[in-house]
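As a plain string of letters, each chain reads:
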Amino acid sequence: MAVHIKCDILICGGGLAGLSLLYRAMKSGVWAGKQIIVIDRSDKSENDRTWSFWKKEESCFEELIRHQWKNLYFFANDGTRISLDSGGYTYNSIKSIDFYTDVLSYLREFSTISFVRTEVLTVVSFGNECTLTTPEHTYTSSYVFNSVYHKPAINANEQYFLQHFKGVRIKTGAVIPPLQDAWLMDFRTSQENGATFFYTLPMAADELFLEYTLFSKSILPMEEYDRQIGTYINEVLGIAHYEILEDEYGVIPMTDHLFKRFDGNIIHIGTAGGDTRASTGYTFTNTQKTIGKIIQSFKTDGHPFFSSETIGMKQQLYDATLLHVLAQGEYAGHQLFSDLFKKAPAHLIFAFLDAETSILQDLSIMKSLKVMPFLQSFAVAVANRLKNAV
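Rules used throughout
The residue numbers shown here count from 1 along each chain, following its written sequence. Side-chain atom pairs in this predicted model are given and counted only at pLDDT of 80 or more, local residue features only at pLDDT of at least 70, and totals for whole chains, interfaces and linings cover all residues. Computation of side-chain values: all heavy atoms of the structure, hydrogens and water removed. Domain extents, as shown, originate in an automatic or database domain assignment. It only takes one pair of heavy atoms within 4.5 Å for two residues to be counted as in contact. Defined in terms of a 1.4 Å probe, buried area is the accessible area two parts forfeit on being brought together, summed over both. Salt bridges are defined by distance alone: a side-chain nitrogen of Lys or Arg within 4 Å of a carboxyl oxygen of Asp or Glu. N or O atoms closer than or at 3.5 Å make up a polar contact, with two conditions inside protein: a donor-capable atom paired with an acceptor-capable one, and, for residues adjacent in sequence, both atoms drawn from side chains. Amino acid classes used here: Ala, Val, Leu, Ile, Met, Phe, Trp, Tyr, Cys and Pro are nonpolar; Asp, Glu, Lys and Arg are charged; the rest, including Gly, are polar. Only buried residues count toward a nonpolar core. Its members are Ala, Val, Leu, Ile, Met, Phe, Trp, Tyr and Cys residues joined through side-chain atoms within 4.5 Å. Only protein chains enter the accessibility calculation, which uses a 1.4 Å probe; a residue whose area is less than 20% of its type maximum is buried, one above 50% is exposed, and one in between is partly exposed. A run of H or I in DSSP counts as a helix once it spans at least four residues, and a run of E counts as a strand once it spans at least two, with each numbered from the N terminus. When DSSP finds at least two bridges between two strands, those strands are taken to pair. Axis lines are fitted to C-alpha atoms, over the contacting stretch for helices. Their N-to-C directions set the angle, which ranges from 0 to 180 degrees. A helix is expected to span 1.5 Å multiplied by its residue count minus one. The arc in question is the one traced by the directions running from the helix axis out to the C-beta atoms. Planes of paired rings set the category: under 30 degrees apart is stacked, over 60 is edge-to-face and the rest tilted, where pairs are Phe, Tyr or Trp rings (Trp by its six-membered ring) whose centres lie within 6.5 Å. Here, a charge over a ring means that NZ of Lys or CZ of Arg falls within 6 Å of the ring centre while also lying within 35 degrees of the ring normal.

Focus on the domain arrangement of the protein
One can read the domain layout of the protein as domain 1 (3–43 + 95–149 + 256–301), domain 2 (160–254) and domain 3 (313–389). Taken over C-alpha atoms, the centre of domain 2 sits 25 Å from the centre of domain 3. If you look at the interface, domain 2 gives nine residues, while domain 3 gives eight residues. Buried surface at the junction of domain 2 and domain 3, summed over both partners, amounts to about 720 Å²; 92% is from carbon and sulfur atoms. Three residues, Phe-161, Met-185 and Phe-187, lead the burial of domain 2 against domain 3; their summed loss comes to 48% of the area buried on that side. Across the domain 2-domain 3 interface, the total number found is zero salt bridges. Joining domain 2 to domain 3, the criterion identifies zero residue pairs in polar contact (both at pLDDT 80 or more). In the side of domain 2 that touches domain 3, the residues fall into seven nonpolar, one polar and one charged.

Section: the nonpolar core
Judged by nonpolar contacts, the single largest core of 45 residues is most densely connected at Phe-74, Leu-84, Tyr-91, Leu-336, Phe-337 and Phe-341. Mapped by element, the contributors of at least two residues to this core are strand E6 (71–75), strand E15 (181–186), strand E16 (195–204), strand E17 (207–216), helix H5 (313–328), helix H6 (333–343) and helix H7 (346–353). Two domains each donate at least three residues to this core, and these are domain 2 (160–254) and domain 3 (313–389). Ignoring sequence-local partners within four residues, the contact set of Phe-74 consists of Thr-80, Arg-81, Ile-82, Leu-84, Met-185, Phe-187, Phe-337, Ser-338 and Phe-341. In terms of nonpolar packing, the next biggest core, distinct from the first, is built from 36 residues, Leu-22, Phe-53, Tyr-100 and Ile-269 among them.

Section: the side chain of Thr-90
In this structure, Thr-90 sits in strand E8 (residues 90–95). Classification of Thr-90 as buried rests on a relative accessible area of 11%. Once residues within four sequence positions are removed from consideration, Thr-90 is found in contact with Phe-53, Trp-54, Lys-55, Gln-68, Trp-69 and Lys-70.

Quick word on the sheet that holds strand E1 (residues 3–6)
Strand order in the open sheet made by the four strands is E1-E12-E11-E10, with mixed pairing throughout. Unpaired on one side and paired on the other, E1 and strand E10 (122–126) mark the two borders of the sheet. Ignoring which end each strand starts from, the neighbouring axes of this sheet average 20° apart. When strand E11 (residues 129–133) meets strand E12 (residues 137–141), the two strands line up antiparallel, connected through four bridges. Counted as the bridge partner of Thr-133 is Thr-138 from E12.

Notes on H7
Of all eight residues that make up H7, seven are buried, and the element is covered over most of its length. Taken residue by residue, H7 has Ala-346, Leu-348, Ile-349, Phe-350, Ala-351, Phe-352 and Leu-353 as its buried positions. Each element contacted by the buried residues of H7 is listed here: strand E4 (50–55), E6, E15, H5, H6 and helix H8 (359–366). A positive backbone phi angle near 60° is found at Ala-355, which sits one or two residues after H7.

Observations concerning the environment of Ile-311
Structurally, Ile-311 can be placed in the loop between helix H4 (284–301) and H5. As for Ile-311 and Ala-174, which are separated by 137 residues in sequence, their C-alpha atoms are 41 Å apart.

Notes on helix H2 (residues 96–107)
Each α-helix winds once per 3.6 residues, and so residues spaced three or four apart point in a common direction. Between its first and last C-alpha atoms H2 spans 16 Å; for twelve residues at 1.5 Å apiece the expected length is 16 Å, and the two agree. For H2, the complete set of buried residues consists of Ser-96, Ile-97, Phe-99, Tyr-100, Val-103, Leu-104 and Leu-107. The buried residues of H2 occupy an angular sector of 155° when the element is viewed end-on, so they sit on one face.

Brief notes about the packing of aromatic side chains
The geometry of an aromatic ring pair comes down to the distance between the two centres and the angle between the two planes. In total, this model carries 36 aromatic pairs according to the counting rule given. Linked through ring pairs, Trp-69, Phe-74, Tyr-91, Phe-187, Phe-197, Tyr-199, Phe-215, Phe-337 and Phe-341 together constitute an aromatic cluster. The aromatic ring of Tyr-73 is capped on one face by Arg-81, whose charged end is 3.9 Å from the ring centroid. Between Arg-277 and the ring centre of Phe-352, over which it is positioned, the NZ or CZ distance is 5.7 Å.

What follows is the structure, encoded as structure tokens:
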């Protein structure tokens, strides 16, 4: 017979979103004395991700930033090199194992927090109570914060792209590029499978982190990622001999589907709550902004229900427009991003992608792109939004 366990708060998913929320809530004191249970299938003992993001101000996990780059570059498919006007932004990376180790070390000091390693079967909200079931137990709580992503039912007029990637850290014996340089998007690779580029980030004098990244609607056989990575290292970087120290693989949804933030007393966070920017796949900064709103709501109102999303209606329409442009195939992804970074200052693009620009600034960015594909796709995005709202 399943054991019934009661607590105040359940965290469903102990990855970036769930642990960030719990860590920051405990640091702020808003959950002091609350009985909290974290449920995840993994014990988070391995480095399964490298989270990279740009920032202008101090981040929530500043002390965990392993690498930071101030000189940012973009490479077009034809080889054109563009020095990006970062305007004070830096590009940063955090290794997930550093995050897990530091955050879990802090959280395990609290007797009010328990960690359960198992699979979540169901989560439902009824009235002021949530019920979560696992193969072993049933849990009830006032709130469930869920970051476990399941692909939603996609409407016929919605786009569902994937950002899929394989990253490798290699020991090179040579420094390409210099340590202070980040190649933010390098399109000098085959575009046959969609908008495809590399992130190339120096980690040490003789180490590089490379991530082969694609925006498309289907993933590739694993050997194809390896083949393209090998070609890039040999032919573009000119490195003949190297050792692979570690690798990682992931798939991030890029969709204009409208995710539900609140389902009764279930609060979806991270990708599950729509914190992944559909036009880029970036999630780290948006997730932290959402968590800030939740904590502030607890401080001021005693509950997690905030009203203003970081990725609001304006940003959702922009993202839907871009996805539709890519789906039409008339404006190649590599050309679109090249036009963007050639004609608009990078710091304005970063602010735009962080939902921190005005309409006038948005228009100045849009002027760098081909007008007709975007006007047509914007009209489609608006029509689809109205259709889905009915």
